[in-house]
Amino acid sequence: MSDTDLDVSIHGHVALLEIQRPPNNFFDETLITDLAEQFEALDENRDVRVLILAAAGKHFCAGANFASPARNPDQRREQPADDAGNPLYEAAVRLFACRKPVIGAIQGAAIGGGFGLAVMPDFRVVTPAARFAANFVKLGFHPGFGLTYTLPKLIGIQRAARMFMTGERIDGETALAWGLADRLTSPEKLRDEAFAMAQEIAENAPLAIESVRATLRAGIADAVKAQTDHENREQNRLRRTNDHKEGVKAVAERRPGNFTGT
């Protein structure tokens, strides 16, 4: 399967899913829904045992594009109610419900919701120049994509709180030291290292792999569903604030926000 935004290719027992929106690979509901549909189709392909999630270009995923009219609070015609649903998060939950192991090949930026997408796989192979940040508070916003559930599970509540409340960026070496990344490699070897790890998994009994994974990740889709419901309510509430408008402007202008608490 190939189109302008997502390419899927199968290499033996390994499927490579490549996001193709370079250089920043911003996501939206369409892209995450397409990913979910491909994950579900590959779940039914008995020849595929491991998935690799990668992205073309400089960055893995810079999250949502807040400069777009759909995201910019100054350009939206109306703001959603606190309890309005979010189809993007509904599609994200489908990613967590997949049955087969997923390896993320992460280069460049994985920022905001793109960080959430990078955390979804079972494993991450990263480069030293990879950058991870939950910069939501700099946007006057609440974290999303289930990050408030998934990130503390990986790096602990204290480090997760530090990233959430400061918006701090960490690089690939720090990600490896903190347990966020599983392997560190050079940019030119990123795909090869991801495939090598995938092959190490794929050579084992596939039913046993799926069984072990189901045990380790039991209930994760339901937990992410509950968490994204909460995150979405908070995002809808904060989206109407002056601080969010200021945060979007400040990030776009690469300056600290002048926040007023309103």
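Cut-offs and rules
Residues numbered from 1 in each chain as written. Predicted model: local features only at pLDDT ≥ 70, side-chain atom pairs only at ≥ 80, totals over all residues. Heavy atoms only, no water. Disulfide = S-S within 2.5 Å. Buried < 20%, exposed > 50% of the residue type's maximum accessible area, 1.4 Å probe, protein only. Helix = DSSP H or I, 4+ residues; strand = E, 2+ residues; numbered from the N terminus. Polar contact = N/O pair within 3.5 Å; in protein donor to acceptor, adjacent residues only side chain to side chain. Contact = heavy atoms within 4.5 Å. Pairing = 2+ DSSP bridges. Axes fitted to C-alpha atoms, helices over the stretch in contact; angles between N-to-C directions.

A. Main features of the state of the cysteines. Applying the stated rule across the entire model yields zero disulfides. C98 supplies the cysteine sulfur nearest to C61, a cysteine that is in no disulfide, at a spacing of 17 Å. Judged by relative accessible area, C61 falls into the buried class, the value being 0%. Judged by its relative accessible area of 6%, C98 is buried.

B. Here's a closer look at the side chain of Q235. By secondary structure assignment, the location of Q235 is in helix α9 (residues 220–238). At 2.8 Å, the side chain of Q235 and the side chain of Y89 are in polar contact. With residues up to four places along the chain from it excluded, the contact list for Q235 reads Y89, F136, F141, H142, P143 and G144.

C. Focus on the pairing of strand β1 (residues 6–11). Of the strand pairs in this sheet, β1 and strand β2 (residues 14–19) are connected by six bridges, and their pairing is antiparallel. When the bridges of β2 are listed, I10 appears paired with A15. Hairpin connection of β1 to β2: two residues between the antiparallel strands, including G12 at a positive phi of 65°.

D. Spotlight on the sheet that holds strand β7 (residues 131–133). Reading across from one edge, β5-β7-β8 is the order of the three strands in this open sheet, with mixed pairing throughout. In this open sheet, the two strands that pair with only one neighbour each are β5 (109–111) and β8 (169–171). Neighbour to neighbour, the strand axes of the sheet diverge by 15° on average, direction disregarded.

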